[in-house]
Amino acid sequence: MDRLSALKSIAAQASRGELSFPTNVDATLKLQRALNEPDCHTDMAARLVQAEPLLAARTVAIANSVAYNRAGHDVTNVRAAVQRVGFRTLGALAASVIVRQLASEIVDPGLRAKADALWIHSAHVAALAQVIARRVSFVDPETAMFAGIVHEVGGFYLLSRAGEFPGLLDDSTGDSAAEWIEHGEVAIGRGVLLKLGVPVPVMGAIEALWNGLRALPPETLGDTLLLAKDLAPFPSPLHMRPGATTLDSAATIDFTIGEGTLAQVLAESADEVKSLTAALL
C-alpha cells in the first residue's frame, strides 16, 4: 500500500469510529468518564487519580505550578491537589495522559522522536492558551488549556499507527505534509476527538485552527488557540500549514490590551507559562 492510500485508509477508519488504541488508553478513558459523572466527589476523584500514577504526578505538579499556587503553598497529596485545581482542570490532565499514551507503544526511534516533539509543542500551546485566555481573550482558561492539550491528538494517533505502514511519514519528496493536511488531519483528528468525548466548544476551536481563521486581538476560544499555537516556541514536527505564522514572525505579533500590550502580558506571565509547561511535560 502506498503512502497516500495508507493515510486515506487510516482516515476512513477514524471517520467511522474504528480506532485502534493501546489498552492503557481504554483504561484512562474509563477513568475520564468516571471523573465526569455528576456524583463524583473530591474523595472519589482522588482515589481514581491515585490509580493512575502519571495522572497523579501531573495533578500534583499542576497544583503546585505558579498559575495555580499563587500563595506559594505547595500541596503534597493528590486529594489536596484535586481540591486546588478543580474537576475541569483534572479532565484536561486526564486528556493529556491519554494523548501521551497514544504514543506509548511506538518503538521506531524516528517516530518516537516525532511524538516527543509533538508533545513538547502541545504542552507549550496548552500553557500559552491558558494564560492568553485569562489575560487577553477572557475566555475560560481551563477550556483553553484543554484545547491546547488535545489540538494535535490526530497527529499522535497517526504516529501510533505509522509503524504499520513503512514510509507513511517519509517526507523526502515534500509531499507528506500536504497529504496529511488534505487527507488526514481533519478526518483523523475529528474521529479521535469524538472518541475522547471532547466538548463541542473545544471541537469548534480546533476546527477554527484547521481552517486557519483568527482575529487579533483574540476574541474566541479558536482565536486563543491559534494565537497560542503561533507563539509556541517549538513547532509541530508533522507539518507547517500553508500561511501559518513562522517563529520569526510570531515574535513580532503584538497589540494593545487595555493599558498594556500582548508583549507585556507574555513577559509578566513567563513564569506561569514555564511552570505550566514543565508540569505538563
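Along each chain, residue indices are assigned from 1 in the same order as the chain's sequence is written. The predicted nature of this model means local features are confined to residues of pLDDT at least 70 and side-chain atom pairs, given and counted, to a pLDDT of 80 or more, with totals for whole chains, interfaces and linings taken over all residues. With hydrogens and water stripped out, all remaining heavy atoms of the structure feed into the side-chain values.

A.B. asks: With reference to specific residues and values, describe the packing of aromatic side chains.
C.D. replies: A pair of aromatic rings is counted whenever rings of Phe, Tyr or Trp (Trp by its six-membered ring) have centres within 6.5 Å, and the orientation is called stacked for planes under 30 degrees apart, edge-to-face for over 60 and tilted otherwise. Tallied over the full model, the rule gives two aromatic pairs. With a centroid separation of 5.9 Å and 80 degrees between ring planes, the pair formed by phenylalanine 21 and tyrosine 157 is classed as edge-to-face. Linking phenylalanine 21 in the loop between helix 1 (3–15) and helix 2 (23–35) with tyrosine 157 in helix 8 (residues 153–162), this pair joins segments that are 136 residues apart in sequence. Across this residue pair, the class does not change: phenylalanine 21 and tyrosine 157 are buried. For the pair tryptophan 119 and phenylalanine 156, a centre-to-centre distance of 6.2 Å together with 65 degrees between the ring planes defines the contact as edge-to-face. Placement of the pair is tryptophan 119 in helix 6 (residues 109–137) and phenylalanine 156 in helix 8, with a sequence separation of 37 residues. When sorted by exposure, tryptophan 119 lands in the same class as phenylalanine 156, which is buried. What counts as a helix is a DSSP run of H or I of at least four residues, what counts as a strand is a run of E of at least two, and both are numbered from the N terminus. Buried means the residue's accessible area, taken with a 1.4 Å probe over protein chains only, is under 20% of the maximum for its type, while exposed means over 50%, and partly exposed covers the values in between.

A.B. asks: Can you tell me about unusual backbone geometry, naming the residues and giving the values?
C.D. replies: With an omega of -5 degrees, the peptide bond running from leucine 216 to proline 217 counts as cis. Here proline 217 lies in the loop between helix 10 (200–211) and helix 11 (221–231). For phenylalanine 138, which is not glycine, the phi dihedral falls at a positive 60 degrees. By the element assignment, phenylalanine 138 lies in the loop between helix 6 and helix 7 (141–150). Judged by its relative accessible area of 62%, phenylalanine 138 falls in the exposed class.

A.B. asks: Tell me about helix 11, and name the residues and values.
C.D. replies: For helix 11, the tally of buried residues reaches eleven of eleven residues, placing the bulk of the element in the interior. Within helix 11 the residues assigned to the buried category are Leu221, Gly222, Asp223, Thr224, Leu225, Leu226, Leu227, Ala228, Lys229, Asp230 and Leu231. At the N-terminal boundary of helix 11, the capping side chain belongs to threonine 220, with an oxygen 3.3 Å from the backbone nitrogen of glycine 222. Polar contact is defined as a pair of N or O atoms within 3.5 Å, subject to the rule that within protein one atom must be able to donate a hydrogen and the other to accept it, and that residues adjacent in sequence are counted only when both atoms are side-chain atoms.

A.B. asks: Could you give me a rundown of helix 8, with the residues and numbers involved?
C.D. replies: Most of helix 8 sits out of view: nine of its ten residues are buried. Of all the residues in helix 8, the buried ones are Val153, Gly154, Gly155, Phe156, Tyr157, Leu158, Leu159, Arg161 and Ala162.

A.B. asks: Run through the nonpolar core, naming residues and quoting values.
C.D. replies: We define the nonpolar core as a collection of buried residues of types Ala, Val, Leu, Ile, Met, Phe, Trp, Tyr and Cys that are connected through side-chain atoms lying within 4.5 Å of one another. Among the nonpolar cores identified, the biggest contains 98 residues, and Ile149, Val150 and Ile188 are the most heavily contacted of them. Here this core takes 14 residues from helix 6, the largest share from any one element. We call two residues contacting when some pair of their heavy atoms lies within 4.5 Å. Setting aside anything within four residues of it in sequence, one finds valine 150 in contact with Ala95, Val99, Leu193, Val198, Val202 and Ile206.

A.B. asks: Tell me what's going on with the side chain of serine 65, and back it up with residues and numbers.
C.D. replies: Examined against the element boundaries, serine 65 turns out to sit in the loop between helix 4 (53–63) and helix 5 (78–102). Filtering out sequence-adjacent residues up to four positions away, serine 65 remains in contact with Ser275 and Leu276.

A.B. asks: Report on the packing of helix 6 against helix 7, specifying residues and quantitative values.
C.D. replies: Fitted lines through C-alpha atoms give the axes, limited to the stretch in contact for helices. The angle between two N-to-C directions lies from 0 to 180 degrees. It is the contact of helix 6 with helix 7, at a shortest axis distance of 7 Å, that shows an interaxial angle of 160 degrees. Considering their axes alone, helix 6 and helix 7 lie roughly antiparallel with respect to each other. The interaxial crossing formed by helix 6 with helix 7 has right-handed handedness. Taken together, the residues of helix 7 that come into contact with helix 6 (itself represented by Trp119, Ser122, Val125, Ala126, Ala129, Gln130, Ala133 and Arg134) are Pro141, Glu142, Ala144, Met145, Gly148 and Ile149. Put simply, Ala, Val, Leu, Ile, Met, Phe, Trp, Tyr, Cys and Pro go in the nonpolar bin, Asp, Glu, Lys and Arg in the charged bin, and everything else, Gly too, in the polar bin. In terms of residue class, the contact of helix 6 with helix 7 is built from nine nonpolar, three polar and two charged. Every angle not falling under 35 degrees, over 145, or within 65 to 115 is termed oblique; those three ranges are roughly parallel, roughly antiparallel and roughly perpendicular. Each crossing is labelled by how the near helix is turned from the far one, with a counterclockwise turn of less than a right angle marking it left-handed and a clockwise turn marking it right-handed.

A.B. asks: Describe the pattern of salt bridges, naming the residues involved and giving the relevant values.
C.D. replies: We count a salt bridge whenever a side-chain nitrogen from Lys or Arg sits within 4 Å of a carboxyl oxygen from Asp or Glu. By the definition in use, this model includes ten salt bridges. A salt bridge links glutamate 272 to arginine 70, with the shortest nitrogen-to-oxygen separation between them at 3.4 Å. Residue glutamate 272 is located in helix 14 (residues 270–280), and its partner arginine 70 is located in the loop between helix 4 and helix 5; the two are separated by 202 residues in the primary sequence. Note that arginine 88 is salt-bridged to aspartate 140, the shortest N-O span being 2.6 Å. In this pair, arginine 88 sits in helix 5 while aspartate 140 sits in the loop between helix 6 and helix 7, placing the two residues 52 residues apart along the sequence. Residue arginine 88 is classed as exposed on the basis of its relative accessible area of 53%. Given the relative accessible area of 27%, aspartate 140 is considered partly exposed. What you see here is one network of salt bridges that share partners, running through Arg70, Arg134 and Glu272.

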